[in-house]
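Coordinate inspection notes
So the chains spell out like this:
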Protein chains: 2
Amino acid sequence: MRLYGYWRSSAAYRLRIALGLKGLGWEDVPVHLVKGEQQEATYLAKNPIGLVPTLELDDGTLLTQSLAILDWLEEVYPTPALLPSNPLERARVRAAAHTIAVDTHPIQNAGVVKHLKTDFGASQEQGIAWMTHWMKRGFAAFQALAAPDTEFAMGDAPSLADICLIPQLYNAHRWGLDLAPYPRLTEIERNCLALPAFANAVPEAQPDAE
Amino acid sequence: MRLYGYWRSSAAYRLRIALGLKGLGWEDVPVHLVKGEQQEATYLAKNPIGLVPTLELDDGTLLTQSLAILDWLEEVYPTPALLPSNPLERARVRAAAHTIAVDTHPIQNAGVVKHLKTDFGASQEQGIAWMTHWMKRGFAAFQALAAPDTEFAMGDAPSLADICLIPQLYNAHRWGLDLAPYPRLTEIERNCLALPAFANAVPEAQPDAE
């Protein structure tokens, strides 16, 4: 498998964690988002919305959208499971994951903040305030939905919820968000980053890290 | 089941379509988003991020996040299927759905546009330009991912992709976006709205429509 990603992309980071947890190997293909390589015709032919990640299978099949790819991974490589088997419990894990992956990350993604700067004259400081505003909303909700006393967000094994949370916490650190109101999240982060699949997936450990 | 929603909410609209397609009955509980009822403590206790929809089951169980609820519905009420059975085809349907539900709708949601106005002094006109900017990106990508010649977006039966597309097209009409560049989407819309489950779910047909 070939993973088209970028070291600092939250969505690519999610896939690196999941591939690692499932013990799968892959080849990294960096797409330099700051240089705009995601908007080049050759990449748009693989991923029409011009975002990372794209997962290319060995037969050339292309998969896009990190949450869709995570579901595909779970269906094709079910062990270890990233979702519980009970439908209601699955829905709870997904809901926590989506507070980050649907209702937080897309709003504060780099392309959105860039548009805010170009079209609304936002300063760097205002861009950071925008990002942290949506992160605070998402983190508070995630903390309310998380299990109160398990090793990971939703139980004693890592799940889709942890996979979505950890890259967003990376962004929070990067932009200086005070995480004191979210002690449960920093506890989950510590437990996740103690696992090789999470530690190996951090942006600074990637071949294209700058 | 009780569906906490709002007539113009895309995410609640998705659930109405899916419940209708699966032949399930439900009770509507309007949450007036413009009056801010989603931020009241009684609602936040049900849905910590303060968004609609929330689905309350007959035993009081609360489910949040429309995509998570749609997956739960598909698992518990599998007929008619809203996703193919083959994992790769499922991933393709999900990817198309997510170009709208993850990478378009959250960025141009009413709460985000409100924040744009309060924090960046955006005018009503700029707010509309913001919404249509992200819709154009999402619609172009969806059209590229859709099947070229089927009755519905991804095949000859409605799927999760149609369920996410149709409410976004409602928003596009509302804000005057020219859909001429997306002929495939208007064709899909026409075929969907000919089905009772879609027609009954349109915002204007809801009890809280104004």
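Structure: above.
Given the structure is predicted, the values throughout are model-derived calculations rather than measurements.

Attention now moves to the nonpolar core. Counting 132 residues, the largest nonpolar core has Trp130, Phe139 and Phe142 of chain A together with Trp130, Phe139 and Phe142 of chain B as its most contacted members. Residues contacting Phe139 of chain B, with those up to four places away along its chain left out, are Ile100, Leu165, Gln168, Leu169, Ala172, Leu177, Leu179, Tyr182 and Leu185 of chain B.

Residues and elements named next belong to chain A. Pairing is mixed in the open sheet, where four strands are placed in the order β2-β1-β3-β4. Two strands in the sheet have a free side with no partner beyond their single neighbour: β2 (27-30) and β4 (62-64). Pairs of neighbouring strands in the sheet enclose a mean axial angle of 25 degrees, with direction left out of account.

Residues three or four positions apart in an α-helix share a direction because the helix packs 3.6 residues into each turn. Residue and element names in this part refer to chain A. Along its 15 residues, helix α4 (residues 87-101) runs 20 Å from first to last C-alpha, staying within 8% of the 21 Å computed at 1.5 Å per residue. In terms of residue burial, α4 counts as a mostly covered element, since 11 of its 15 residues are buried. Among all positions in α4, only Arg90, Ala91, Val93, Arg94, Ala95, Ala96, Ala97, His98, Thr99, Ile100 and Ala101 are buried. Structurally, the start of α4 carries an N-cap: the backbone nitrogen of Leu88 is 2.9 Å from a side-chain oxygen of Asn86.

Contact with chain A, which involves 44 residues of that partner, is made by 44 residues of chain B. Seen at the junction of chain A and chain B, the total is six salt bridges. A salt bridge links Glu75 of chain A to Arg94 of chain B, with the nearest nitrogen and oxygen atoms 3.2 Å apart. Counting across the interface, chain A meets chain B through eight residue pairs in polar contact (both at pLDDT 80 or more). Examining the composition of the side of chain A that touches chain B, we find that 10 residues originate from one element, α4 of chain A, more than from any other. Of the residues belonging to the side of chain A that touches chain B, the class tally is 26 nonpolar, 10 polar and eight charged.

The next subject is the relation of the copies chain A and chain B. Note on the identical chains: chain A maps onto chain B by a rotation of 180 degrees and an axial translation of 0.0 Å, with an RMSD of 0.0 Å. The operation mapping one copy onto its partner corresponds to a two-fold rotation axis. Here 100% of the interface residues in chain A have copies in chain B that are interface residues too; the copies meet face to matching face.

Before going further, it helps to examine helix α3 (residues 66-76) of chain B. Within α3 of chain B, nine of the 11 residues are buried, which leaves the element mostly enclosed by the surrounding structure. Buried within α3 of chain B we find Ser66, Leu67, Ala68, Ile69, Leu70, Asp71, Trp72, Leu73 and Glu74 of chain B. Those residues of α3 of chain B hidden inside the fold are in contact with α4 of chain A together with α1 (10-21), β3 (54-56), β4 (62-64), α4 (87-101) and α7 (160-174) of chain B.

Thresholds applied
Residues numbered from 1 in each chain as written. Chains lettered and ligands numbered in written order. Predicted model: local features only at pLDDT ≥ 70, side-chain atom pairs only at ≥ 80, totals over all residues. Heavy atoms only, no water. Core = buried A, V, L, I, M, F, W, Y, C linked by side-chain atoms within 4.5 Å. Buried < 20%, exposed > 50% of the residue type's maximum accessible area, 1.4 Å probe, protein only. Contact = heavy atoms within 4.5 Å. Pairing = 2+ DSSP bridges. Helix = DSSP H or I, 4+ residues; strand = E, 2+ residues; numbered from the N terminus. Axes fitted to C-alpha atoms, helices over the stretch in contact; angles between N-to-C directions. Expected span 1.5 Å × (residues − 1). Polar contact = N/O pair within 3.5 Å; in protein donor to acceptor, adjacent residues only side chain to side chain. Salt bridge = Lys/Arg side-chain N within 4 Å of Asp/Glu carboxyl O. Nonpolar A, V, L, I, M, F, W, Y, C, P; charged D, E, K, R; others polar. Least-squares fit on C-alpha atoms with pLDDT ≥ 70 in both.

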